[in-house]
Amino acid sequence: DDFTPDHVYSFPVESGKEECFFTDVESTPLLLRGAYFVSGGGGLDIDMKVSKVQERQSQDHAAKEDILRQYSGKSESVFAIEATSKGQYSFCFNNPGSRYGEKVVTFALNVGKRKIHKLHVKGDHLVRLANTVHESRRTLHELEGEAHFLQERTRRHMLIQDSTEFRVAWYTVFESLFMFAITIGQIVYVQRLINQRAWV
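If you're wondering where the values come from, they're calculated on a predicted model, not measured in any experiment.

1. Quick look at the packing of aromatic side chains
Each aromatic ring pair is specified by the distance between its two centres and by the angle formed by the two planes.
Turning to step 1, where the next piece is worked out: In the structure shown here, the tally under the stated rule is eleven aromatic pairs.
Turning to step 2, where the next piece is worked out: On the basis of an interplanar angle of 70° and a centroid distance of 6.1 Å, the ring pair of Phe-166 and Trp-170 is categorised as edge-to-face. Placement of the pair is Phe-166 and Trp-170 together in helix H1 (residues 124–199), with a separation of four residues, close to one helical turn.
Turning to step 3, where the next piece is worked out: Chaining the aromatic ring pairs together yields one cluster made of Tyr-9, Phe-11, Phe-21, Tyr-36, Tyr-71, Phe-79, Phe-91, Phe-93 and Phe-107.
Turning to step 4, where the next piece is worked out: Positioned above the aromatic ring of Tyr-89, the side-chain terminus of Lys-52 is 5.7 Å from the ring centre.

2. Section: the confidence of the model for the chain
Turning to step 1, where the next piece is worked out: Of the residues in the chain, 75% reach a pLDDT of 70 or more, and the chain-wide mean stands at 79.
Turning to step 2, where the next piece is worked out: Note on residues 114–122: pLDDT is under 50 here. Beyond four places in sequence and across chains, it has 14 contacts.

3. What about the sheet that holds strand S7 (residues 87–95)?
Turning to step 1, where the next piece is worked out: Read across the sheet, four strands follow the order S2-S7-S4-S5 without closing on themselves; strand pairing throughout is antiparallel. Bordering the open sheet on either side are strand S2 (17–25) and strand S5 (65–74), each of which pairs with just one other strand. Each strand of the sheet is rotated relative to its neighbour by a mean of 15°, with strand direction disregarded.
Turning to step 2, where the next piece is worked out: Pairing between strand S4 (residues 46–53) and S5: seven bridges, direction antiparallel. Its bridge partner being in S5, Val-50 is matched across the sheet by Arg-69.

Reading the values: the criteria
- Residues numbered from 1 in each chain as written.
- Predicted model: local features only at pLDDT ≥ 70, side-chain atom pairs only at ≥ 80, totals over all residues.
- Heavy atoms only, no water.
- Phe/Tyr/Trp six-rings, centres within 6.5 Å; stacked < 30°, edge-to-face > 60°.
- Helix = DSSP H or I, 4+ residues; strand = E, 2+ residues; numbered from the N terminus.
- Lys NZ or Arg CZ within 6 Å of the ring centre and 35° of its normal.
- pLDDT = per-residue confidence, 0-100.
- Contact = heavy atoms within 4.5 Å.
- Pairing = 2+ DSSP bridges.
- Axes fitted to C-alpha atoms, helices over the stretch in contact; angles between N-to-C directions.

In structure tokens:
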């Protein structure tokens, strides 16, 4: 099936910091699918891991976790994990300390297949109509999430392209000025040689 996110988030991750999202799985098996990409900031890479939290975090002790997926130094990736046990799952993004500083990450998540809740009313026609309305709302929500995710991804690629074109343009200008300066220097040098010979 095509990936249709339930939620799409865009958030900053400061240098040397970690940002995490959590979801509770109450029924199994459940498919957790997601995708992310670095939409802003320098370097355009991030560390990401998906974990099953064994114990909830407290003020005195950190949570124990089983790492299910881990990605290092990637600018974008997708994942699909089958949750076979109930409990809390975490999605953490870590920006190791670097000279590039803060980065902006766009994260899309789909938590299993949502069920359509039927209305308890009399009449088969009303039930079918209610189900159709719920299905339409669900489809619209999925399309909005997917469109937002694709829009952010396209914007990131456009920013990269604009940045590359800007650097190439400045490099071309610098190269032209450098060649112009060399040409002027050669002309001045040749004129001096001619003048020295004329005096001799």
